Amino acid sequence: MSSSSSNNNAFYFLISFALLLQSAFGVTEPLFHSCSGENFTVHGPYEKNLNRLMGFLYHQTPYTGFGLGSTSFGAHYPDQPYGIALCRGDVSSSDCKTCVAEASSYIRKSCPNRKQATIWYDNCSLKYSDEKFFGQIDHGTKFYSWNTQNVTNPTYFNQKAKDLLTHLAHEASVTPKMYAARELKLEGSERETVYGMAQCTRDLSDGDCKTCLDGLIGDLPSCCDGKQGGRVVTGSCNIRYEIYPFVKA
Ligand SMILES: *[C@@H]1O[C@H](CO)[C@@H](O)[C@H](O)[C@H]1NC(C)=O
Ligand SMILES: *[C@@H]1O[C@H](CO)[C@@H](O)[C@H](O)[C@H]1NC(C)=O
Ligand SMILES: *[C@@H]1O[C@H](CO)[C@@H](O)[C@H](O)[C@H]1NC(C)=O
């Protein structure tokens, strides 16, 4: 990204908007967050660039649901942060904006002075780093969650959930938005429907998106075997299935 007054304005708006959100609704807890890397100097060049980057992502992401950028302002490594923000494919532009604002506000408080951080909500995720990570599959932090309720026919259900997500992994990887959601009716004793979703950050190539998602599907037996719902989330891609609809059609 380039330096411009509109980005600065976006940042100031972000601060006031985030404060407004907190006072009105309280802070929304994320699903997960992680901090890593070295510490930066308070009020130093990295922090200044990071503030601008957060303003840029807040401003940019709601247009398409994906924002990617970097700020340098004369500084280079190690003072140049890179960042992306991604909203779930069905989330409206205004809900996306709200989520990115909350994510950047929460992560800056939760990872003070850290050069690298990632945060996930239902509606969005946000990541920044002093390493240029664009276009690379994030094999770092991974987050699992599952519904504690068991399905009645785990062997059948696991296979169907896997089939659905494998289909969605392919669909997401060949779709410009890199997002796919779909349902699959179950036969026989289950008499239910399984709902699934798969999404990649749009800096990945089609092939890497597929590789990333297939990797997560491979984790399902260890996290979510026989469970009524599950999700696996990384900085580059995420999958989720449930026995109820959880995205807008
Ligand atoms: C960063 O700072 C925190 C406390 O301010 C400290 O606990 C941590 O060890 C530091 N990390 C590095 C990598 O220097
Ligand atoms: C997340 O997005 C959905 C769909 O746009 C919306 O209905 C929901 O209220 C949002 N959740 C939060 C916490 O903003
Ligand atoms: C689900 O199944 C597991 C393993 O068979 C069992 O340990 C657990 O208690 C079950 N959970 C529920 C909510 O029934």
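This text follows the structure it describes.
Since this is a predicted model, take the numbers as computed values, not measurements.

Reading guide: rules and limits
Residues numbered from 1 in each chain as written. Chains lettered and ligands numbered in written order. Predicted model: local features only at pLDDT ≥ 70, side-chain atom pairs only at ≥ 80, totals over all residues. Heavy atoms only, no water. Helix = DSSP H or I, 4+ residues; strand = E, 2+ residues; numbered from the N terminus. Expected span 1.5 Å × (residues − 1). Buried < 20%, exposed > 50% of the residue type's maximum accessible area, 1.4 Å probe, protein only. Near = heavy atom within 4 Å. Polar contact = N/O pair within 3.5 Å; in protein donor to acceptor, adjacent residues only side chain to side chain. Areas by Shrake-Rupley, 256 points an atom, 1.4 Å probe, with all protein chains shown as cover. Phe/Tyr/Trp six-rings, centres within 6.5 Å; stacked < 30°, edge-to-face > 60°. Lys NZ or Arg CZ within 6 Å of the ring centre and 35° of its normal. Disulfide = S-S within 2.5 Å. Axes fitted to C-alpha atoms, helices over the stretch in contact; angles between N-to-C directions. Parallel < 35°, antiparallel > 145°, perpendicular 65-115°, else oblique. Left-handed = near helix turned anticlockwise from the far one by under 90°. Contact = heavy atoms within 4.5 Å. Salt bridge = Lys/Arg side-chain N within 4 Å of Asp/Glu carboxyl O. Core = buried A, V, L, I, M, F, W, Y, C linked by side-chain atoms within 4.5 Å.

**Quick look at helix 3 (residues 93–110)**
- An ideal rise of 1.5 Å per residue puts 26 Å on 18 residues; helix 3 measures up with 25 Å between its terminal C-alpha atoms.
- Taken together, the buried positions of helix 3 are occupied by Cys96, Cys99, Val100, Ala101, Glu102, Ala103, Ser104, Ser105, Tyr106, Ile107 and Arg108.

**Side note on the site of ligand 2**
- In the neighbourhood of ligand 2, the contacting residues comprise Val91, Ser92, Asp95, Asn123 and Lys248.
- Asp95 places a side-chain nitrogen or oxygen 2.7 Å from an oxygen atom of ligand 2.
- Between Asn123 and ligand 2, the recorded distance is 2.4 Å, taken from a side-chain N or O atom to an oxygen atom.
- Against a free-state accessible area of 370 Å², the protein chains account for coverage of 55% of ligand 2.

**Considerations on the packing of aromatic side chains**
- Under the defined criterion, the tally for this structure stands at seven aromatic pairs.
- An aromatic cluster is present here, built from Phe32, Trp120 and Phe143 joined pairwise through their rings.
- Directly above the ring of Tyr58 sits Lys97, whose terminal nitrogen or CZ lies 5.3 Å from the centroid.
- Sitting over the face of the ring of Tyr46, Lys115 holds its NZ or CZ atom 5.2 Å from the ring centroid.

**Overview of the state of the cysteines**
- Here the structure, examined in full by the defined rule, presents six disulfides.
- Ordering the disulfide-forming cysteines of the protein by sequence position, one finds them joined as 1-5, 2-3, 4-6, 7-8, 9-12, 10-11.

**Quick notes on the packing of helix 2 (residues 45–64) against helix 3**
- Where helix 2 meets helix 3, the closest approach of the two axes is 8 Å, and the angle between their N-to-C directions is 165 degrees. Taken together, helix 2 and helix 3 sit at an angle that is classed as roughly antiparallel. Crossing angle aside, the handedness with which helix 2 passes helix 3 is right-handed. Contact residues: helix 2 offers Glu47, Leu50, Asn51, Met54, Leu57, Tyr58, Thr61 and Pro62, while helix 3 offers Ser93, Cys96, Lys97, Val100, Ala101, Ser104 and Arg108.

**Observations concerning the site of ligand 3**
- Neighbouring ligand 3 are the residues Thr148, Asn150 and Lys227.
- Contact with the protein chains covers 27% of the free accessible surface of ligand 3, which is 370 Å².

**So, the pattern of salt bridges**
- Across all of its chains, the model carries ten salt bridges by this definition.
- Lys127 is the salt-bridge partner of Asp138, the closest N and O atoms lying 2.9 Å from each other. Of this pair, Asp138 sits in the loop between strand 5 (124–129) and strand 6 (142–146) while Lys127 sits in strand 5; the two residues are eleven residues apart in sequence, bridging distant segments of the chain.
- In this structure, Asp214 and Lys210 form a salt bridge, with 2.7 Å as the shortest nitrogen-oxygen distance. With Asp214 and Lys210 both in helix 5 (residues 206–224), this residue pair falls four residues apart, about one helical turn.
- Look at Asp214 and you get partly exposed, because its relative accessible area is 30%.

**Remarks on the side chain of Arg231**
- Here Arg231 is to be found in strand 9 (residues 230–234).
- Beyond its immediate sequence surroundings of up to four residues, Arg231 is in contact with Leu31, Asp122, Phe143, Tyr144, Ser145, Cys224, Ile239 and Arg240.

**Side note on the nonpolar core**
- One finds Leu213, Leu220, Ile239 and Tyr241 to be the most contacted residues of the largest nonpolar core, which totals 28 residues.
- Residue assignment for this core shows that the elements contributing at least two residues are helix 4 (154–173), strand 8 (193–200), helix 5 and strand 10 (237–242).
- The element that contributes the greatest number of residues to this core is helix 5, accounting for eight residues.
- The next biggest cluster of nonpolar side chains, apart from the first, holds 25 residues, and it includes Phe40, Leu57, Cys87 and Cys96.

**Things to note about unusual backbone geometry**
- The phi dihedral of His43 falls on the positive side, at around 65 degrees, and the residue is not glycine.
- Among the secondary structure elements, His43 is positioned in the loop between strand 1 (32–39) and helix 2.
- Judged by relative accessible area, His43 falls into the exposed class, the value being 63%.

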